[in-house]
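Analysis of the macromolecular model
Letter by letter, the chains look like this.
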Amino acid sequence: MPDLEKSEPLTIEKENEIFFGTYARLPLHVTHGEGLYLYTSDGKKYLDMISGIGVNALGYGNERVLHAIQTQSAKFIHTSNLFMIDSQFQLAEKLIQVSGLSKVFFANSGTEAIEAAMKLSRKWASSRSSEKRKIYSLTNSFHGRTYGAVSLTAKPKYHEGFEPLVPETGYIEFNNIEDLENKVSGKTAAVFVEFVQGEGGIFPVSKAFLEKLDELRSQYDFLVVADEIQAGCGRTGKFFSYMNYDFAPDIVTVAKPLGGGLPLAAIIGNEKVATVLTKGSHGTTFGGNPVACAAGLALIEEIEEKGLLENSLKIGAYLKSQFDELKAKYSQIEEVRQIGLMIGISVKGESSPYVQKALQKGVILNATSGNVIRLLPPLTTTEQEAQLVVAVLDEIFAEENAAG
Ligand SMILES: *Cc1c(COP(=O)(O)O)cnc(C)c1O
């Protein structure tokens, strides 16, 4: 058996040698996590404010999730979708209950959920008209990296060298009602929306844009897909971020935190699309892994029993007020955007130097969209932990000003 405990310290040089160059990893060799903290092989500890990019909604080592994983693993880890599986049925029913929608399909990753939603949209539309094929997303969005999902991800840097992309996809300018009216038509199959753009820098979609989208959906009969992969499962203080608005999506995509840290994704659809996917029309070997579903159930139970929606609202509001105070103090901060525990701080210039300095001071933040410091803290974050982050950022801006 390989002895992982005794492995040599890992280096970025080794990383460069053995991996394709897809990730800009931090030079941290992590050994374990506990609560909100990550520990490294050099004996340091870091407050993790990015939660494994929005996955670890309960921090590290949640007892209920661990117990669910252990119990299910002992029964079976995998059997396939040839069988009926307790944890899958229970989690599907839970997702239907919290969303009020009708049907569930399980996949393994966010991008796969997007693919499933795209295929479902095309199939639904094809039964209405052979001309109804176009799938739109919004500019500055992020939907994933497989061909369909990257075609909907409106960032040229993710497309370079990979063209041609999936045909009959296109972009509507974020929150631009005129562009929306100009683009959608009877030929539109679906519009994909992140109600709060995550990777894009924490930008909520406007109410006016959604009202128009709703009106045009009635007029032209297309589907609206809510991409809840990052904003879902309680992060915005509602179970799904679309619930912050008076808007009913036809399909919801869920992933990142859904499997309590294990790879799990789902699409949930309403009655309109309930019968579109037929036997053999879509599927995946690992979709709805029994252990991941058991962990997902534990996650949702924990959110409900520990009042974590309320905690997201409370800690989110606290961080917003504290960061607004920093904004009043430091001209480097341009804007603080916050909805629950999705927080973006726009700075003048690049945000990555701030993220690097925070790391040196023991806090893990994330730089996104060039000038945004992004925080996706666990839903279990306490006020003391939030205070620590504020103090560290305060110190970094003050030091920068002192240095001139
Ligand atoms: C991360 C993300 C995806 C892609 O999920 P993967 O699991 O990385 O494939 C899609 N949409 C949104 C909004 C995301 O944040």
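Here the structure is shown first, and the text comes after it.
Just so we're clear, the structure is a prediction, and the values are computed from it rather than from any experiment.

Another aspect to go through is the pairing of strand β1 (residues 30-34). In this structure, β1 lies alongside strand β2 (residues 37-40), joined through four bridges in antiparallel fashion. Paired with Gly33 across the two strands is Leu38, which belongs to β2. Turn length for the β1-β2 hairpin, with the two strands adjacent in sequence and antiparallel, is two residues, and the turn residue Gly35 shows positive phi of about 60 degrees.

With that out of the way, let us pick up the site of the ligand. The environment of the ligand is formed by Ser109, Gly110, Thr111, Phe142, His143, Gly144, Glu194, Asp227, Ile229, Gln230 and Lys256. Separating an oxygen atom of the ligand from a backbone N or O atom of Gly110 is a distance of 2.8 Å. Here the ligand has 380 Å² of accessible area as a free molecule, and 82% of this is covered by the chains. Residue composition of the shell around the ligand, by class: two nonpolar, six polar and three charged.

Bringing the packing of aromatic side chains into the picture now. When we look at a pair of aromatic rings, we describe it by the centre distance and by the angle of the planes. Summed over the entire model, instances satisfying the criterion amount to eight aromatic pairs. Seen from their ring centres, Phe239 and Phe240 are 4.9 Å apart, and the 90 degrees between their planes marks the pair as edge-to-face. When sorted by exposure, Phe239 lands in the same class as Phe240, which is buried. Three or more aromatic residues joined by ring pairs form one cluster here, namely Phe195, Phe239, Phe240, Tyr242, Tyr245 and Phe247. One cation-aromatic arrangement involves Arg25 over Phe19; the distance from NZ or CZ to the ring centre is 4.7 Å. Above the plane of the ring of Tyr158 lies Arg145, whose end atom (NZ or CZ) is 4.1 Å from the centre.

Reading the values: rules and limits
- Residues numbered from 1 in each chain as written.
- Predicted model: local features only at pLDDT ≥ 70, side-chain atom pairs only at ≥ 80, totals over all residues.
- Heavy atoms only, no water.
- Pairing = 2+ DSSP bridges.
- Helix = DSSP H or I, 4+ residues; strand = E, 2+ residues; numbered from the N terminus.
- Near = heavy atom within 4 Å.
- Polar contact = N/O pair within 3.5 Å; in protein donor to acceptor, adjacent residues only side chain to side chain.
- Areas by Shrake-Rupley, 256 points an atom, 1.4 Å probe, with all protein chains shown as cover.
- Nonpolar A, V, L, I, M, F, W, Y, C, P; charged D, E, K, R; others polar.
- Phe/Tyr/Trp six-rings, centres within 6.5 Å; stacked < 30°, edge-to-face > 60°.
- Buried < 20%, exposed > 50% of the residue type's maximum accessible area, 1.4 Å probe, protein only.
- Lys NZ or Arg CZ within 6 Å of the ring centre and 35° of its normal.

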